[in-house]
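What the coordinates show
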Amino acid sequence: MIDIENIEKVYTVGVVTTRVLKGISFQVKAGEYVAIMGASGTGKSTLMHILGCLDKPTGGHYRLEGTDMVNLDDDALSHLRNHRIGFVFQQFHLLERATSIRNVTLPLIYSERYPEDAHQRAEKALAAVGLADHMTYKPNQLSGGQQQRVAIARALITDPTILLADEPTGNLDSRSGAEVMAIFQRLHRDGRTIILVSHDRAVAEHANRIIILKDGRIAEDRPLPNPRDAEAELRVLAEKEGQP
Amino acid sequence: MNTLRIAQEGARALSANKLRTFFMMAGTIVGIAALTVIMAVGKGTEKKVMKRVTSFGTHAIMITAGGGKGFSPPQAGITTLRLEDAEAISSQIQGIDVVASFAVKRAMPVKAGSSQVQTGVMAISPQWHEAWDWYTKEGDPITAEDIATMARVCLLGTTSAKDLFGDEDPIGQYIQIGNVRFKVKGILQTRGVSPMGDDFDTRIMIPLTTGLRRLYNQDYITNIRVKVKDTNQLVPISEEIRKLLHDRHHITPPEEDDFAIFSAAEVANTARGISGTLTILLSALAGLSLVVGGVVLMNILLISVGERTKEIGLRRAVGARRKDIFMQFLMESLAVTLIGMVLGSALGWAASVILARVTQFPGVISWEPFALALAFALVVGVFFGVQPARRAAGLHPVEALK
């Protein structure tokens, strides 16, 4: 489904050229849950932007369900992001003055036709992340974990091919982080394709496959037969809080 | 497509920051208000001008004995304006339709039976009727024969007729002006009150020769009225008449004239008066406000684009195309100027109404200012909105999300 072939990214600032990605290749099959790991400066954010069609590589090919995005123009990339990709960011990126419902329906505004059942779809998506009671709340009335769950609902509203999460727990406390990871695992069980980018091994180990970047190249690409169980971690956290 | 929803996104940003939105709008409000007042005053003034010109006579030139500027009553004691001057104008100047001479005396005592009034008496030549386009509605006008025989006949204005005879028919009856008896031979058409406040219908007309010889005992006249064939010739003909009278009265220009010439063109200018100045001032204000307001609008929008970089990045990430972002910001700009237009029009309309009540400026409300305001709002909104909208649309999603 995702076919990355020898992707390169070179930045040129003045006379200085920096090769951030030096030929990366891998495939992701439908329903996989992949974590891309690496220290800062290894190019994982750049790779994430290319995977999300926010940026184009300077070399190589990226086929998403057979379409090579390298040849697409800006409008076509926007269309691709709208339909095929759901983003979850470290900083949530919610519209401050908009309710949860409005935040979740935002991507639908940019589809060819605003669906008539947009509101119901948003309600369903919010209920799926456990926010059925927070439909009309604005971001400043929600906790960090709740805000990130609104962002997940927003990412899922267009039923995208892949869910891309960039350090989704980076701004959250451990309990909220575990809740978010539990949602991802549940989505994975339901068949959703997820690519998670993190520098944190403990977070990455919730996925079923880990790709480790080092200095712009893939250093390691291995399956994880026994990923961490976010639900179990949540139970442990709950027990700890329960103790005096 | 979803343009309406994208416009809504722009509108939401505006309602979220009302003070800022107000500042963005202020220039448009003032500009459009000024524009509305200009149009109202302009239209009102033209209406006033037309009324005055029509009342004066669109083709008329009036020569009054005595110097001075403006349309003033003849000066007493000026004896230099003579019938021969009128004849010279009539015979020597081209493009003239009618020349009528007359001599006015204000506040003459007039009696009929037991009724007595004081009113203006005009001794007129037969051409007077045509020169003023003012005829009798009953009875007969002043004729050449009346002039030749120095007939003791008169015409009454409708107000005089009522004052002197009540409901009786005055025609054939006699009145006494000073010590002379006159037979009423006609009633003039009702003319109404002049824009300067004179009641035309109180006047009494007598033949010119009768007036000069039998009543006033003088050989000079007070006015000559000239009707030209072509209104475009009003100014040149006025100047020709001035030259002719200079020659005839032996006046060399730095010397003061002993007559005044006033045409419909001058009536129009006098009626326009300071409305012209006000219009120029308000136009400058409107232009300045719209331009300054537009620049302020543009700058605030540019700041707003800077502050909302992350929002723009997010919108791009979830699928907004460049043109969607462009439209959102352009719509924001247009919404500001269009709401500003509505408020400005309302303000301008209110100001026009107050101005018309409080000052002499006539305000006429019509649809044109609103149409013009709409056009200006659209132009300002688009012109000053394009740059911020382009900047917003040009942001790279990756950079914007950082």
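The residue numbers shown here count from 1 along each chain, following its written sequence. A letter from A marks each chain and a number from 1 marks each ligand, given out in the order of writing. Thresholds applied to this predicted model are a pLDDT of at least 70 for local features of residues and 80 or more for the giving and counting of side-chain atom pairs; totals over whole chains, interfaces and linings are not thresholded and use all residues.

In this section: the overall build of chain A. The helix and strand inventory of chain A stands at eight helices and 10 strands. Just to be clear, the radius of gyration here is over C-alpha atoms, and the globule rule we use is 2.2 Å times residues to the power 0.38. Rg of the C-alpha trace for chain A: 18 Å, near the compact-globule value of 18 Å for 244 residues, within the 12% margin. Taking the principal axes of the C-alpha coordinates as reference, chain A spans close to 55 × 45 × 35 Å. Here the C-beta atoms are placed from the backbone, and a residue counts as buried if at least 20 other C-beta atoms lie within 10 Å of its own, exposed if 12 or fewer do, and partly exposed otherwise. The buried share among the 244 residues of chain A stands at 45%. A pair of residues counts as a contact when their C-beta atoms, built from backbone coordinates, are within 7 Å of each other. In chain A, 68% of the contacts between residues at least 6 apart in sequence involve partners at least 24 apart. Helix and strand labels come from DSSP, where a helix needs a run of H or I of at least four residues and a strand needs a run of E of at least two; each type is numbered from the N terminus.

Per the annotation, domain bounds derive from an automatic or database assignment of domains. For chain B, the domain assignment lists domain 1 (3-51 + 273-401) and domain 2 (79-230). Summarising the inter-unit geometry, the C-alpha centres of domain 1 of chain B and domain 2 of chain B are found 60 Å apart.

Buried residues of helix α7 (residues 208-216) of chain B: Leu208(B), Thr210(B), Gly211(B), Leu212(B), Leu215(B) and Tyr216(B), and no others. Asn217(B), located one to two residues past α7(B), shows a positive phi value of around 55 degrees.

To form a nonpolar core, buried Ala, Val, Leu, Ile, Met, Phe, Trp, Tyr and Cys residues must be joined through C-beta atoms within 7 Å. Formed by 113 residues in total, the largest nonpolar core has its most connected members in Ile36(A), Ala153(A), Leu164(A), Ile195(A) and Leu196(A). It is helix α2 (residues 18-56) of chain B that provides the largest number of residues to this core, a total of 13 residues. Ile61(B), Leu212(B), Ile224(B) and Phe259(B) belong to the second-largest nonpolar core, a separate cluster that totals 57 residues.

Residues and elements named next belong to chain B. Examined against the element boundaries, Val 117 turns out to sit in strand β3 (residues 115-124). With 17 C-beta atoms packed within 10 Å, Val 117 lands in the partly exposed category. A C-alpha to C-alpha distance of 36 Å links Val 117 and Asn 269, two positions 152 residues apart in sequence. If near-sequence neighbours (up to four positions away) are discounted, Val 117 is found in contact with Val 110, Ser 160, Asp 163 and Leu 164.

Residue and element names in this part refer to chain A. Paired strands, as defined in this entry, are two strands with at least two bridges between them according to DSSP. Taken in spatial order, the four strands line up as β2-β1-β4-β5 in an open sheet, and their pairing is antiparallel. Strand pairing shows two members of the sheet lacking a second neighbour, β2 (16-28) and β5 (67-68), which therefore form its edges. Looking at chain direction, strand β1 (residues 2-13) and β2 are connected through 10 bridges and run antiparallel. Counterpart to Glu 8 in the pairing with β2 is Lys 22. Relative to β2, helix α1 (residues 44-51) is tilted by about 60 degrees, and along the sheet it contacts β1, β2 and β4 (59-64). Here an angle of 0 to 180 degrees is reported between the N-to-C directions of two axes, which are lines fitted to C-alpha atoms, with helices fitted over the stretch in contact.

Next up on the list: the interface of chain B and chain A. If you look at the interface, chain B gives 18 residues, while chain A gives 20 residues. Sorting the residues of the side of chain B that touches chain A by element identifies α1 (3-16), α11 (309-317), α12 (322-358) and α14 (397-401) of chain B as the ones contributing at least two each. Top element by residues in the side of chain B that touches chain A is α11(B). It accounts for five residues. Three classes are used, and their members are as follows: Ala, Val, Leu, Ile, Met, Phe, Trp, Tyr, Cys and Pro are nonpolar, Asp, Glu, Lys and Arg are charged, and the others, Gly among them, are polar. A breakdown of the residues in the side of chain B that touches chain A according to their chemical character gives nine nonpolar, two polar and seven charged.

Moving on, we come to the packing of helix α6 (residues 174-189) of chain A against helix α8 (residues 230-242) of chain A. Residues and elements named next belong to chain A. Put simply, α6 and α8 touch, their axes get as near as 8 Å, and they point 155 degrees apart. When the axis of α6 is compared with that of α8, the two are roughly antiparallel. For the pair α6 and α8, the sense of crossing is left-handed. Across from Ser 174, Arg 175, Ala 178, Glu 179, Met 181, Ala 182 and Gln 185 in α6, the residues of α8 making contact are Ala 230, Glu 231, Glu 233, Leu 234 and Leu 237. Across the contact of α6 with α8, the residue classes break down as six nonpolar, two polar and four charged. In what follows, roughly perpendicular refers to angles from 65 to 115 degrees, roughly parallel to angles under 35, roughly antiparallel to angles over 145, and oblique to any angle outside these ranges. Put simply, a crossing is left-handed when the front helix is turned counterclockwise from the back one by less than a right angle, and right-handed when it is turned clockwise.

Residue and element names in this part refer to chain B. Summarising the element assignment, Thr 190 is placed in the loop between β7 (180-188) and β8 (204-207). A count of 11 C-beta atoms within 10 Å places Thr 190 in the exposed class. Sequence separation between Thr 190 and Thr 159 is 31 residues, and the spatial gap between their C-alpha atoms is 8.3 Å. Among residues more than four places away in sequence, those in contact with Thr 190 are Thr 158 and Asp 201.

To continue, consider the sheet that holds strand β7 (residues 162-166) of chain A. Residues and elements named next belong to chain A. The strand order across the open sheet built from six strands is β6-β7-β8-β3-β9-β10, with neighbouring strands paired in mixed fashion. Edge positions in the open sheet fall to β6 (85-88) and β10 (217-223), since each of these has one partner strand only. Adjacent strand axes in the sheet meet at a mean angle of 15 degrees, parallel and antiparallel pairs treated alike. Summarising the sheet, strand β3 (residues 33-37) and strand β9 (residues 209-214) pair through four bridges and their orientation is parallel. Within β9, the residue paired with Val 34 across the bridge is Arg 209.

A few words on the confidence of the model for chain A. By definition, pLDDT measures how confident the predictor is in each residue, and it falls between 0 and 100. Overall, the prediction assigns chain A a mean pLDDT of 92, with 99% of residues at 70 or greater. The lowest-confidence element of chain A is α8(A), averaging 87 in pLDDT; the highest-confidence one is β3(A), averaging 96.

Here we take up the pairing of β3(A). The element β3(A) is largely enclosed, with a buried count of five among its five residues. Here β3(A) shows two buried faces, one formed by Tyr33(A), Ala35(A) and Met37(A) and the other by Val34(A) and Ile36(A).

As a further point, take the packing of helix α3 (residues 100-109) of chain A against helix α4 (residues 118-128) of chain A. Residues and elements named next belong to chain A. At their nearest, the axes of α3 and α4 sit 9 Å apart, and the two run at 115 degrees to each other. Seen from above, α3 lies across α4 with right-handed handedness. Contacts between α3 and α4 involve Ser 100, Ile 101, Val 104, Thr 105 and Leu 108 on the former and, on the latter, Ala 118, His 119, Ala 122, Ala 125 and Leu 126.

Another aspect to go through is α8(A). Taking 1.5 Å per residue, 13 residues should reach 18 Å; α8(A) reaches 18 Å between its end C-alpha atoms and fits that length. In terms of burial, α8(A) is a largely surface element, one of the 13 residues being buried. Every helix has an expected span of 1.5 Å times one less than the residues it contains.

The predicted coordinates ought not to be read in detail in places where the model reports low pLDDT. Across chain B, pLDDT averages 84, with 94% of residues at or above 70. Interface predicted TM-score (ipTM) for the complex: 0.93; the corresponding pTM is 0.74.

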